[in-house]
Amino acid sequence: MAGPAPLLGMGQAALEAWAGDQGQPAFRGRQLHDWIYARGARSLDAITVLPKAWREGLVAGGTGIGRSALLHRSDARDGTTKLLLATADGLSLETVGIPSGDRLTVCVSSQVGCPMACRFCATGKGGLQRSLAVHEIVDQVLSIREAMDRRPSHVVFMGMGEPLLNTEAVLEAIACLCTDLGMAQRQITVSTVGVPRTLPTLAERALERLGRAQFTLAVSLHAPDQRLREELIPTAHAYPLEALLDDCRHYVAITGRRVSFEYILLGGLNDHPRQADALARLLRGFQSHVNLIAYNPIAEEDFRRPAPEAVEAFRAQLERRHIAVSVRASRGLDQDAACGQLRRRLMDAPAG
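Residues numbered from 1 in each chain as written. Predicted model: local features only at pLDDT ≥ 70, side-chain atom pairs only at ≥ 80, totals over all residues. Heavy atoms only, no water.

Caption draft 1: The packing of aromatic side chains, seen in detail. Under the defined criterion, the tally for this structure stands at four aromatic pairs. Taking the centre distance of 5.9 Å and the plane angle of 90° together, the rings of tyrosine 295 and phenylalanine 303 count as edge-to-face. When the ring centre of tryptophan 35 is taken as origin, the NZ or CZ atom of arginine 39, which lies over that ring, is 4.5 Å away. (Phe/Tyr/Trp six-rings, centres within 6.5 Å; stacked < 30°, edge-to-face > 60°. Lys NZ or Arg CZ within 6 Å of the ring centre and 35° of its normal.)

Written out as C-alpha cells, the structure is:
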C-alpha cells in the first residue's frame, strides 16, 4: 500500500489546503512552501518552524518531502557536475549541472532508463525501469542547486528517458519549476526522439496545463533519411521521418513556437556535407533551428567522435543553405558526462 504523497511538487495553494486538512492554519502551508522550495529542506525534521508534535506525527505517518538521496557526485575539470541520485524505491537516476558564465543549466531525467534504445546512448542499453514522478524530476533541480551552491537558470529534459512517454509528469514538473522556483518557460527545453501521435497532444496539454507553451521543443533527428535513422534509433521504424515532421508542423501551428532539431554528429557516419545538404532539404520551409552535437563516446559502441573540421564543415553547409544552426559545446568529457554513463559504470562495478 502506497504511503502519503510527497510534498515536493505541490504549490503554495495546495500546501495551504493540505495544512488545513491536517488541522493547521493556512500559514503553515506557506511555511512549508518556503522551506521546501526556497531553503531546499530535505526532511520535515529540518523545518523547525513547524510545531514539533505535528512534525513528529507526520514523519511517523510516513509523510515526507520527497527528496532523493545522493549516491555519487562527479565533477569534471570544466565545472560540469553530475549527480547520481537514489529514489525511494532503490532505483538510481542521473542529473547534470552545466555552468557557462552566468548560466547554470540542469539536465534532468524523466525516466529511470529508457525504452527508445538509441545505439549511441548509454541509458538505452539497460532498458526502461519506470517513469519518474513530479517530485523526482523537481528534486533534480534542487539537488544541483544545493550541490553547486547557485541558482539554476535553465532546465533541459535531455537526461535519462523519453519525456513524451511521461508527458503529464513532465508538464506538472514544468509548472512547479515556473510557479514555485521562479523559472520562466522560455528557460526550459523538452527533448524527444519522437513518439508517434504525441506531439500534437503535448501542444494541447501544455496549453491546458500551463496556459501557454513557451518552452522549447527539441526533436532528435540524428540522420537526414529514414534508413540511417532506423539504424541509429531502432524504434524509429514505427515513426517515419515525414510523419514526425508533419507532427512537428502541427505542433508549431498549435503553439506558435519554432522547433529545435538536434543532430548528433558521428564520425564518418552522418557528418558529411552531403548529409548536411539532405538535412537542409528535409527542413526546407520549416520554422526551426538545428543544434549540432559532437558524439560523446560510450564503451558499448564503436562510433567515433567527429573531427572538429567535419563539425565545422557540416555547420557551414547548413548555414549556406539558410538553416539556423549552432554547435553545442561538449562538456564533462573526463567524467562520463554523456547520458547514462555514470549510472552504468557505478551500477556495473563489482562489489568490494
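Caption draft 2: Local environment of helix H4 (residues 134-148). With 15 residues, H4 should reach 21 Å at 1.5 Å per residue; the first-to-last C-alpha distance of 22 Å fits that figure. Counting buried positions along H4 gives 12 out of 15 residues, so the element sits mostly inside the fold. Taken as a whole, H4 has its buried residues at Val134, His135, Glu136, Ile137, Val138, Asp139, Gln140, Val141, Leu142, Ser143, Ile144 and Met148. One or two positions beyond H4, positive phi appears at aspartate 149, with a value near 55°. (Helix = DSSP H or I, 4+ residues; strand = E, 2+ residues; numbered from the N terminus. Expected span 1.5 Å × (residues − 1). Buried < 20%, exposed > 50% of the residue type's maximum accessible area, 1.4 Å probe, protein only.)

Caption draft 3: Fine view of the side chain of aspartate 180. Along the polypeptide, aspartate 180 turns up in the loop between helix H5 (167-179) and strand E8 (188-192). Despite its burial, aspartate 180 remains without a salt bridge, the nearest opposite charge being carried by arginine 209 at 7.5 Å. A distance of 2.7 Å separates a polar atom in the side chain of aspartate 180 from a polar atom in the side chain of histidine 33. Excluding residues within four positions of it along the chain, aspartate 180 makes contact with Met10, Gly11, Gln12, His33, Tyr37 and Ala175. (Lys, Arg positive; Asp, Glu negative; His and termini not counted. Salt bridge = Lys/Arg side-chain N within 4 Å of Asp/Glu carboxyl O. Polar contact = N/O pair within 3.5 Å; in protein donor to acceptor, adjacent residues only side chain to side chain. Contact = heavy atoms within 4.5 Å.)

Caption draft 4: Geometry of the sheet that holds strand E4 (residues 103-107). Strand order in the open sheet made by the 10 strands is E1-E2-E3-E4-E7-E8-E9-E10-E11-E12, with mixed pairing throughout. The sheet terminates laterally at strand E1 (69-75) and strand E12 (325-328), the two strands that pair on one side only. For this sheet the average axis-to-axis angle between neighbouring strands, irrespective of direction, equals 25°. As paired elements, strand E11 (residues 288-294) and E12 share four bridges and run parallel to each other. In the strand pairing of E12, asparagine 291 is matched with serine 326. Sheet contacts for helix H8 (residues 241-255): strand E9 (216-220) and strand E10 (259-265); angle to E10, the most-contacted strand, approximately 145°. (Pairing = 2+ DSSP bridges. Axes fitted to C-alpha atoms, helices over the stretch in contact; angles between N-to-C directions.)

Caption draft 5: Quick peek at the pairing of E4. Burial runs high along E4: four of the five residues are buried. For strand E3 (residues 92-100) and E4, the ladder comprises five bridges, and the chain directions are antiparallel. Bridge pairing in E4 links proline 99 to leucine 104. What sits between E3 and E4 in their antiparallel hairpin is a turn of two residues, with glycine 101 showing a positive phi close to 60°.

Caption draft 6: Focus on helix H2 (residues 26-38). The terminal C-alpha atoms of H2 lie 18 Å apart, and with 13 residues this matches the ideal 18 Å at 1.5 Å per residue to within 8%. Residues Arg28, Gly29, Leu32, His33, Trp35, Ile36 and Tyr37 constitute the buried set of H2. Tucked inside the fold, the buried residues of H2 contact helix H1 (12-21), helix H3 (52-60), H4 and H5. Positive phi shows up at glycine 40, right after H2, with a value of about 70°.

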